[in-house]
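Structure assessment
What follows is the residue order along each chain.
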Amino acid sequence: MKLGRLNHVGVATPSIEKSIETYRTLLGADVIGTPFDLPAQGVKVCFIDAPNTQIELIEPYDESSPIAGFLRKDPAGGQHHVCFEVPDIDQAVAEMTANGATILGAPRIGAHGTPIVFVHPRDFGGMLVELMETPKEDH
Ligand SMILES: CC[C@H](C(=O)O)C(=O)SCCNC(=O)CCNC(=O)[C@H](O)C(C)(C)COP(=O)(O)OP(=O)(O)OC[C@H]1O[C@@H](n2cnc3c(N)ncnc32)[C@H](O)[C@@H]1OP(=O)(O)O
Ligand SMILES: [Co+2]
């Protein structure tokens, strides 16, 4: 398995619109596209651009969303996960599992249209890690 770039930092928010305003006003940041829903993942998503990575703003799609649970603990939201790219998600899952990591569920399609998985926070000292297969055009 080869660790790829830091694709994004996931930031939970109760309001993507308000967070966009904050990133624009305080950081002069650009928004990539417009917010979009990922019902299967329970989130509304919008990416903030940065030169070498992105901020992934994530808002609960509904009350069953993992982000709704996160906001119940931290109503203002905050840093939720980091996402690293890997060349082959299945190989990464197999190797990490063999090394004792707890992979949360089977790979599914994430916000960039490629397979993703999450690794339990306890494997990384309390940090939720997402692995995302590098888009083919970026190989
Ligand atoms: C997929 C679309 C998009 C993309 O990039 O493509 C996204 O990134 S969507 C992101 C939203 N989706 C997910 O987060 C899916 C993975 N998350 C989960 O499976 C759960 O949220 C899980 C397992 C991390 C926690 O769920 P659980 O119901 O167990 O929540 P608890 O509140 O009971 O927490 C248990 C334990 O984990 C700690 N925890 C929870 N969330 C986080 C977090 N974001 N970062 C770090 N730690 C977290 C929580 O504090 C508890 O710790 P404990 O020591 O047991 O008190
Ligand atoms: Co993510």
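Our structure's up above, just so we're on the same page.
The residue count restarts for each chain, going from 1 along the sequence in the order it is written. Whichever chain is written first becomes A and whichever ligand is written first becomes 1, with later ones labelled in order. Residue-level local features of this predicted model are given only where pLDDT is at least 70; pairs of side-chain atoms are given and counted only at 80 or more, and the full residue set underlies all totals for whole chains, interfaces and linings. To get the side-chain values, take all heavy atoms of the structure and skip hydrogens and water.

Turning our eyes to something else, we now look at the overall build of the protein. Secondary structure follows DSSP: runs of H or I at least 4 residues long count as helices, runs of E at least 2 residues long count as strands, and numbering of each begins at the N terminus. A count of helices and strands for the protein gives three helices and eight strands. Secondary structure of the protein in N-to-C order comes out as β-α-β-β-β-α-β-α-β-β-β. Throughout, the radius of gyration refers to the C-alpha atoms, and the reference size of a globule is 2.2 Å times the residue count to the power 0.38. Whereas a compact globule of 139 residues would reach a radius of gyration of roughly 14 Å, the protein reaches 15 Å, a difference of no more than 12%. Split into buried and exposed, the 139 residues of the protein put 43% on the buried side. Taking as baseline every contact in the protein between residues at least 6 positions apart, the subset at least 24 positions apart corresponds to 52%. For every accessible area listed, the method is Shrake-Rupley and the probe measures 1.4 Å; residues are considered covered only by the protein chains on display. Carbon and sulfur atoms make up 56% of the accessible area of the protein, which amounts to about 7500 Å² in all. For the protein, the separation between the mean place of its 10 positive charges and that of its 19 negative charges on side chains is 4 Å. Only protein chains enter the calculation, and the probe is 1.4 Å; a residue is then buried if its accessible area is under 20% of its type maximum, exposed if over 50%, and partly exposed in between. In what follows, a contact means two residues having at least one pair of non-hydrogen atoms within 4.5 Å. Asp and Glu are treated as the negative residues and Lys and Arg as the positive ones, with His and the ends of the chain left uncounted. Charged side chains are reduced to one point each, which is NZ for Lys, CZ for Arg, CG for Asp and CD for Glu.

In this structure, Ile20, Tyr23, Ile48, Ile55, Leu57, Val119 and Leu131 are the most contacted members of the largest nonpolar core, which totals 23 residues. For this core, the elements supplying multiple residues, two or more each, are strand S1 (6–12), helix H1 (16–27), strand S3 (43–49), strand S4 (54–60), strand S5 (78–86), helix H3 (89–98), strand S7 (115–119) and strand S8 (129–133). Among the elements that make up this core, the one with the highest residue count is H3 (four residues). Leaving out residues up to four positions away in the same chain, Ile55 has contacts with Val9, Val11, Tyr23, Cys46, Phe47 and Ile48. Counting eight residues, the second largest nonpolar core, distinct from the first, contains Phe47, Ile58, Ile67 and Leu71. Nonpolar cores were defined as sets of buried Ala, Val, Leu, Ile, Met, Phe, Trp, Tyr and Cys residues, with membership established by side-chain atoms within 4.5 Å.

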